[in-house]
Amino acid sequence: MKYDFYIDKSITKEVLDSINVGDYVRCNYWKRAMKVRYVTENYFVCAVKAFGKGWIYSVCEKKPFGGIGYNDLIGGYFSIGTDNMVFGYQHDHAYEFDNEDFLKDYMSDFEDGTLKLSMRRSTALREIWIGKQKAVVA
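Overview of the structure. These figures come from a predicted structure and were not determined experimentally. Starting afresh in each chain, residues are numbered from 1 along the sequence in its written order. Reporting in this predicted model follows two pLDDT cut-offs: at least 70 for local features of residues, and 80 or more for side-chain atom pairs to be given and counted; totals over whole chains, interfaces and linings ignore these cut-offs and use all residues. Side-chain calculation: all heavy atoms of the structure are included, whereas hydrogens and water are not.

**Side note on the nonpolar core**
Buried together is how nonpolar side chains tend to be arranged in soluble globular proteins.
Step number 1: Counting 18 residues, the largest nonpolar core has Leu-16, Ile-19, Val-25, Phe-44, Leu-125 and Ile-128 as the members making the most contacts within it.
Step number 2: Secondary structure follows DSSP: runs of H or I at least 4 residues long count as helices, runs of E at least 2 residues long count as strands, and numbering of each begins at the N terminus. Elements with a minimum of two residues in this core: α1 (13-17), β2 (24-27), β3 (34-39), β4 (43-49) and β10 (127-131).
Step number 3: If you tally residues by element for this core, the top one is β4, at 3 residues.
Step number 4: Contacts are assigned to residue pairs with any non-hydrogen atoms lying within 4.5 Å of each other. Excluding residues that lie within four positions of it along the chain, Phe-44 makes contacts with Leu-16, Ile-19, Val-25, Val-36, Tyr-38, Val-39, Ser-58, Val-59, Cys-60, Lys-62, Met-107 and Ile-128. We call a set of buried residues a nonpolar core when its members are Ala, Val, Leu, Ile, Met, Phe, Trp, Tyr or Cys and they connect through side-chain atoms within 4.5 Å of each other. Buried, partly exposed and exposed residues are distinguished by accessible area as a fraction of the type maximum, computed with a 1.4 Å probe on protein chains only: under 20%, between the cut-offs, and over 50%, respectively.

**A look at the sheet that holds strand β9 (residues 123-124)**
Step number 1: Any two strands with at least two DSSP bridges between them are considered paired. Spatial strand order, β1-β10-β2-β3-β4-β5-β8-β9: 8 strands in an open sheet with antiparallel pairing. The open sheet is flanked by β1 (3-7) and β9, the only strands paired with a single partner.
Step number 2: Judged from the 2 bridges that link them, strand β8 (residues 79-81) and β9 form a sheet pairing that is antiparallel. Looking at the pairing, Ser-79 lines up with Ala-124 of β9.
Step number 3: Sheet strands in contact with helix α2 (residues 100-111) are β3, β4 and β5 (55-61), and its direction is about 140° off that of β4. Interaxial angle, 0 to 180 degrees, is taken between N-to-C directions of lines fitted to C-alpha atoms, where a helix line uses only the stretch in contact.

**Examining the packing of aromatic side chains**
Here the distance between the centres and the angle between the planes together describe a pair of aromatic rings.
Step number 1: The aromatic pairing rule takes the rings of Phe, Tyr and Trp, using the six-membered ring of Trp, and pairs them if the centres are within 6.5 Å, calling planes under 30 degrees apart stacked, those over 60 edge-to-face and the rest tilted. Summed over all chains, the structure comprises 13 aromatic pairs.
Step number 2: Arranged with centres 5.0 Å apart and planes meeting at 25°, the rings of Phe-102 and Tyr-106 form a pair that is stacked. On the criterion of helical spacing, the pair formed by Phe-102 and Tyr-106 is a turn pair, its members being 4 residues apart in helix α2.
Step number 3: For Tyr-106, a relative accessible area of 0% puts it in the buried group.
Step number 4: The rule is short: NZ of Lys or CZ of Arg within 6 Å of the ring centre and within 35 degrees of the ring normal puts a charge over the ring. A cation sits over an aromatic face here: Lys-9 above Tyr-77, 4.5 Å from the ring centre.

Read these as layout, nothing more, since geometry by itself doesn't imply function.
What follows is the structure, encoded as structure tokens:
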């Protein structure tokens, strides 16, 4: 798979809007790419199975961070990280990124502001590699 690379200010809303379900992304210092599982107007979530059970995941906010700086967040940069739920997201299928019902509810909660990115576990999106899933022709 061929990856397109973007860095710092070349990462735009248009670039992030071009990401679709099934694409693979690798951000900042990640060793391997994660599969995009769900996309909304202002967010996308990518995840991979972790050691046969559970998930490693990250949510990208497609709106620039509004502050000057906080921990590893930088004003004007897009952000990527985990959600801000201290005891986890409460849902029948919590953190099952292959479950469509979970994904729809989870990302809907980001869009309506019920969930936000963790201010402690999120970081500025400084580099992104995007591998586009090839379209299947019927």
